[in-house]
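Report on the structure
Okay, here's what each chain looks like letter by letter:
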Amino acid sequence: MTAINKQPGWLEKLGYGAGDIGFNFYWANISAFLLIFYTDVFGISAAAAGTMMLITKVIDAFTDPLMGALADRTQTRFGKFRPYLLWLALPLAGAGVLTYSTPDLDADGKLVWAYATYSLLMLIYTAINIPYSALSGVMTNNSQDRTTLVSFRFIGGFTGGILVTYLTPKLVVWLGQGDEALGWQLTMAVFGVAAALLFLWTFAASCERIQPVKTERHPIKQDLADLAANKPWLVLFVLALVIMITITMRAASGVYYFKYYVMRPELVGEFLSSYMLALALGAASTPLMTRFLPKKQLMMLLMALAGLLSISLVFVPADQIGLIFAVNLAIGFVLGPKSPLAFSMYADTADYNEWRTGRRATAMTFSAATFSQKLGGAIASASIGWLLSLMGYVANTEQNAGSQLGILLMISVIPGVVALLAAAVMWFYPLTESQLLQMQHELEQRKLTAPAVGPTE
């Protein structure tokens, strides 16, 4: 059990970050490989796969606020959010294996299987990931410390992404021994067991410190109404959706880009894993960056740079491998801080909601992150599938000029323009650093005069 300290120490931050390594054994795989698994291994069309990923993710995204409300109302001796890491680790592993399995079915049967297993995977992922995200909002109330804590999370997340993008193609070959479908199934089994162990580590290392002032219970619709009136939250909701379109489109199209445009499929692992490393370095640099620029201005600058760099990739010839890697690394570094910045801001908007209404719904607030991420990822995945189909993509063959152009635009110009849009969205974020300090001071004063639930172990 973790000792109750005023603020989380380095070991607790490390344990919290370990959880996102586990989550990216799923998320990074879905973002980078699931679409090409469906088209080139599982055997359904790009358009059908894109539509399926859009429909299932949109439906699943609407379960996020419900899961947030459930987690906010959970009461156990281990806290509100930590228990979900224990309860759902193994079910998530099982759903991952089923999603990446290829049963002997006809085309219609395969499509039904894809809808059912992917829906199950995302439902369980939601049920464990939203409480994990909300956990950072109750481990500390210090804004800078939150940025550091969430930086640990995303360093862990990008570490998981590096492992997934580098190891997955190699594990599929090694474990499958010539049977690619079996290789994918066994690879997800390995990742599932590893993720379960990491979730256990996070559970044991973390502590829920921040407790709301005791008030009468309020209905879920009140939480939703509070969020609808929370302008900082609304801005972050749109921001996360837009940014996830950029990130998912670049990740998912990267495999197609190297396989069919650069014509060097053996470099896919190195291309994606080096990009994840750059993201991790950017995330690790976030606490240093926030010492020089406020979160809002920093986010605007970084997204503008990401947009311009991404657009520049369209001008790099396919045979300039070194330059392709260099531009991609630069994009990764400037995109890296966006996640710790955004998630520390979500915790700030939970404070804002409590300050404004007297009610705190931490998990509901953080459900916006996964809701908008899933929606953005779904839009990106569907767009890739539809654009590939429109441009004449045929799996495992040499692509025509139209298909190659589509693949190039999906990794460069399209996500670049979307990143520039994200910079513009951030202009409307209203909270300043001085406002946050004043709010947190007033909240502490309220808690001195009202009873609160004691901290949990």
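Use the structure listed above.
Anyway, here's the lowdown on the structure attached to this text.

Criteria and cut-off values
- Residues numbered from 1 in each chain as written.
- Predicted model: local features only at pLDDT ≥ 70, side-chain atom pairs only at ≥ 80, totals over all residues.
- Heavy atoms only, no water.
- Axes fitted to C-alpha atoms, helices over the stretch in contact; angles between N-to-C directions.
- Helix = DSSP H or I, 4+ residues; strand = E, 2+ residues; numbered from the N terminus.
- Parallel < 35°, antiparallel > 145°, perpendicular 65-115°, else oblique.
- Contact = heavy atoms within 4.5 Å.
- Nonpolar A, V, L, I, M, F, W, Y, C, P; charged D, E, K, R; others polar.
- Buried < 20%, exposed > 50% of the residue type's maximum accessible area, 1.4 Å probe, protein only.
- Left-handed = near helix turned anticlockwise from the far one by under 90°.
- Salt bridge = Lys/Arg side-chain N within 4 Å of Asp/Glu carboxyl O.
- Phe/Tyr/Trp six-rings, centres within 6.5 Å; stacked < 30°, edge-to-face > 60°.
- Lys NZ or Arg CZ within 6 Å of the ring centre and 35° of its normal.

1. Quick notes on the packing of helix 17 (residues 401-411) against helix 18 (residues 413-426)
Packed helices, taken two at a time, are described by the angle their axes make and the gap between the axes. For the pair helix 17 and helix 18, the least separation of the axes is 3 Å and the interaxial angle reads 25°. The orientation of helix 17 relative to helix 18 falls into the category roughly parallel. Mapping the contact onto sequence places Leu409, Met410 and Ile411 in helix 17 and Val413, Ile414 and Pro415 in helix 18. Of the residues in the contact of helix 17 with helix 18, the class split is six nonpolar, no polar and no charged.

2. Comments concerning unusual backbone geometry
In this model, Met263 sits at a positive phi of 65°, which is unusual for a non-glycine residue. With a relative accessible area of 41%, Met263 lands in the partly exposed category. Here Asn396, not a glycine, exhibits a phi torsion of approximately 60°, which is positive. Residue position: Asn396 is located in the loop between helix 16 (362-390) and helix 17.

3. A few points about the packing of helix 10 (residues 231-261) against helix 15 (residues 338-357)
Packing of helix 10 against helix 15 brings their axes to within 10 Å, and their N-to-C directions diverge by 160°. On the basis of the axis angle, helix 10 is roughly antiparallel to helix 15. Helix 15 is crossed by helix 10, and the crossing has left-handed handedness. Side by side, helix 10 and helix 15 meet where Pro232, Trp233, Leu236, Phe237, Ala240, Ile243, Met244 and Ile247 of the first sit next to Lys338, Ala342, Met345, Tyr346, Thr349 and Tyr352 of the second. Of the residues in the contact of helix 10 with helix 15, the class split is twelve nonpolar, one polar and one charged.

4. Brief notes about the pattern of salt bridges
One pass over the full model with this rule turns up six salt bridges. For Arg264, the salt bridge is made with Glu266, and the minimal N-O distance between the two is 2.4 Å. The salt bridge partner of Asp348 is Lys295, with a shortest N-O separation of 2.9 Å. Highlighted residues: Asp348 in helix 15 and Lys295 in helix 13 (residues 295-312), separated in sequence by 53 residues. Per residue, the accessibility class of Asp348 equals that of Lys295, and both read buried.

5. Observations concerning the side chain of Thr349
Among the secondary structure elements, Thr349 is positioned in helix 15. Given a relative accessible area of 0%, Thr349 falls into the buried group. If we ignore the near neighbours within four places in the chain, the residues touching Thr349 are Asn230, Pro232, Trp233, Leu236, Thr365 and Tyr429.

6. Overview of the packing of aromatic side chains
Applying the stated criterion across every chain, the model contains 27 aromatic pairs. With a centroid separation of 6.2 Å and an interplanar angle of 40°, the aromatic rings of Tyr257 and Phe271 are classed as tilted. Placement of Tyr257 in helix 10 and of Phe271 in helix 11 (residues 268-284) is noted, with a sequence separation of 14 residues between them. Neither residue differs from the other here; Tyr257 and Phe271 are each classed as buried. An aromatic cluster is defined as three or more aromatic residues linked by ring pairs; in this entry it consists of Tyr16, Phe23, Trp27, Tyr125, Tyr132 and Phe199. Stacked on the ring of Trp10, the Lys or Arg Lys13 has its end atom at 4.9 Å from the ring centre. In this structure, Lys110 is placed above the aromatic ring of Phe42, and the distance from its NZ or CZ to the ring centre is 5.6 Å.

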